[in-house]
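For reference, the chains in residue letters:
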Amino acid sequence: MNPQAKLIFMTSLLLGTTITISSNHWIMAWAGLEINTLAVLPLISKSHHPRSVEAATKYFLTQAAASALVLFSSMTNAWHTGQWDITQLSHPTSGLILTSAIAMKLGLVPFHFWFPEVLQGSPLSTGLLLSTIMKLPPITLLYMTSPSLNPTLLTILALLSTALGGWMGLNQTQVRKILAFSSISHLGWMAVIIVYNPKLTLLNFYLYTMMTATVFLTLNSMKVLKLSTLMTAWTKVPSLNAMLLLTLLSLAGLPPLTGFLPKWLIIQELTKQEMIATATLMALLSLLSLFFYLRLAYCTTITLPPHTTNHMKQWRTGKPTNVLIAILATMSITLLPISPLILALV
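A quick note: this is a predicted structure, and the numbers were derived from the prediction, not measured. (Residues numbered from 1 in each chain as written. Predicted model: local features only at pLDDT ≥ 70, side-chain atom pairs only at ≥ 80, totals over all residues. Heavy atoms only, no water.)

**Section: the side chain of Ser161**
Of note, Ser161 is situated in helix H8 (residues 151-169). Here Ser161 is in contact with Leu108, Val109, Ile184, Ser185 and Gly188, once residues within four sequence places are set aside. (Helix = DSSP H or I, 4+ residues; strand = E, 2+ residues; numbered from the N terminus. Contact = heavy atoms within 4.5 Å.)

**A few points about the packing of aromatic side chains**
Summed over the entire model, instances satisfying the criterion amount to 5 aromatic pairs. Ring geometry for Phe292 and Tyr293: centres 5.0 Å apart, planes at 45°, overall tilted. Ring-pair connections join several aromatic residues into one group, and the members of that group are Tyr59, Trp114 and Phe115. When the ring centre of Phe115 is taken as reference, the NZ or CZ atom of Lys135 above it lies at 3.7 Å. (Phe/Tyr/Trp six-rings, centres within 6.5 Å; stacked < 30°, edge-to-face > 60°. Lys NZ or Arg CZ within 6 Å of the ring centre and 35° of its normal.)

**Details of helix H15 (residues 323-334)**
The terminal C-alpha atoms of H15 lie 16 Å apart, and with 12 residues this matches the ideal 16 Å at 1.5 Å per residue to within 8%. Within H15, the full set of buried residues consists of Ile325, Leu328, Ala329, Ser332 and Ile333. When H15 is viewed along its axis, its buried side chains cluster within an angular range of 125° and face the same direction. The elements touched by buried residues of H15 are helix H10 (198-222) and helix H12 (238-252). (Expected span 1.5 Å × (residues − 1). Buried < 20%, exposed > 50% of the residue type's maximum accessible area, 1.4 Å probe, protein only. Arc of directions from axis to C-beta.)

**Notes on the packing of H10 against H12**
Two numbers describe how H10 lies on H12: the axes approach to 10 Å, and their chain directions differ by 150°. Regarding the angle of H10 to H12, the classification is roughly antiparallel. Crossing hand, H10 versus H12: left-handed. Here Tyr208, Met211, Thr212, Thr214, Val215, Thr218, Leu219, Ser221 and Met222 of H10 lie close against H12, whose contacting residues are Leu240, Asn241, Leu244, Thr247, Leu248, Ser250 and Leu251. For the contact of H10 with H12, the residue count by class is 9 nonpolar, 7 polar and no charged. (Axes fitted to C-alpha atoms, helices over the stretch in contact; angles between N-to-C directions. Parallel < 35°, antiparallel > 145°, perpendicular 65-115°, else oblique. Left-handed = near helix turned anticlockwise from the far one by under 90°. Nonpolar A, V, L, I, M, F, W, Y, C, P; charged D, E, K, R; others polar.)

**Here we look at the packing of helix H9 (residues 175-193) against helix H13 (residues 260-272)**
Here H9 crosses H13 at 35°, and the two axes come no closer than 10 Å. For H9 against H13, the interelement crossing comes out left-handed. Of H13, the residues touching H9 (which contributes His186, Trp189, Val192 and Ile193) are Lys263, Ile266, Ile267, Glu269 and Leu270. The residue inventory of the contact of H9 with H13, partitioned by class, reads 6 nonpolar, 1 polar and 2 charged.

**What about H10?**
Turn by turn, an α-helix covers 3.6 residues, leaving residues three or four places apart pointing in a common direction. Between its first and last C-alpha, H10 extends 36 Å over 25 residues, near the 36 Å set by a 1.5 Å rise per residue. Counting buried residues in H10 gives 18 out of 25 residues, a clear majority hidden from the surface. Just past H10, the residue Lys223 takes up positive phi, approximately 60°.

**Let's talk about the pattern of salt bridges**
Using the criterion set out here, one finds 3 salt bridges in the structure. A salt bridge links Lys177 to Glu117; the shortest N-O distance between them is 3.5 Å. Taken together, the residues Lys177 in helix H9 and Glu117 in helix H5 (residues 114-121) connect sequence positions 60 residues apart. By sharing partners, the salt bridges in this structure join Glu54, Lys58, Glu117 and Lys177 into a single network. (Salt bridge = Lys/Arg side-chain N within 4 Å of Asp/Glu carboxyl O.)

**Side note on the domain arrangement of the protein**
Domain annotation of the protein identifies domain 1 (1-138) and domain 2 (150-345). Here the C-alpha centroids of domain 1 and domain 2 sit 23 Å apart. Taken together, the contact between domain 1 and domain 2 spans 23 residues of the former and 30 residues of the latter. Here domain 1 meets domain 2 over a buried area of about 2300 Å², counting both sides, of which 78% is carbon and sulfur. Its largest share of buried area at the contact with domain 2, domain 1 owes to Val109, Gln120 and Leu124, together 30% of the area lost on that side. (Domains from an automatic or database assignment. Buried area = accessible area lost by both parts, 1.4 Å probe.)

**A short note on the UniProt feature "transmembrane region" (unreviewed entry) in the protein**
Mapped onto the present numbering, the UniProt feature "transmembrane region" (unreviewed entry) falls on residues 56-75, 95-115, 152-171, 178-196, 202-219, 240-261, 281-302 and 323-345. When the span residues 178-196 is considered, its composition is 84% helix and 0% strand, and the gap between its end C-alpha atoms is 29 Å. Taken end to end, residues 240-261 comprises 68% helix and 0% strand; its first and last C-alpha atoms sit 24 Å apart. (UniProt positions renumbered as here; feature names shortened; annotations may be inferred.)

**So, the environment of Ser239**
When you line up the elements, Ser239 lands in helix H12. The spatial distance from the C-alpha of Ser239 to the C-alpha of Pro320 is 9.6 Å, given a sequence separation of 81 residues.

Below, the structure written as structure tokens:
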């Protein structure tokens, strides 16, 4: 892609995100979401492969439908209350429509079908944008409207997302699809707590973004798209493989690593709200996603693939590891001991 064009699209992406995050009026927030959608479409379809074009089409249709619903919910609210302010979403029907629209934007179950397909059809760099920065504006809208949202609906969506995100990722061999289902599962954890403690949702989102960025950047530098390629990548950059292993375990939420912090705090908050059954279910459902993270981690560290004859070993490159990947990986692994400081900052 032409560098000037890429610069324009990336600037538009940042502009759209900033407009939505900083707006008070529904029309401005909607305009920011639309700029975002239009800026990311060329980045999805830049390889001109039929699958990329299909992914861009699916992305456009779902995002357009979700944006229309956002506009519809804000107009319904303005009609009943005379308010266009984002924080004044007091009409219950508007709240329900908005929750559905944001769920569609984010890819929460049952509006998740587009997300794995779009991620599979995109390059890894665009996949990183779709999984992280594109989720920020919808989550900000949820954060701003959280007092007037329906807790029951969000809890149901969250439980379904965590369950299906874990379940459907079990059988996958494509790394991008596994990461898509991992994203759906994490969004479930964010959605379950947004009504009770919105700041925890944001903390979870920041940490998830950091860990996912590490995984995507590592896979991109190793040029890995399938599990079978991941098995032979250890010969190429052994240090990156070790980082990837620990970051995957952190994404799974295992205790001494950073990813344990949001899960621990969310379960604690749910227990405080006397939602013991929900907390137990969420904890049990996270075991499903733990299984496919362990599968990925196993493929990362396995030193001899079972079918050695079919695969050429990749040449070890003398290039040093990217500094950004090193910093992100270190943060993805070691932030748990300073969790009191993180909580004080949030």
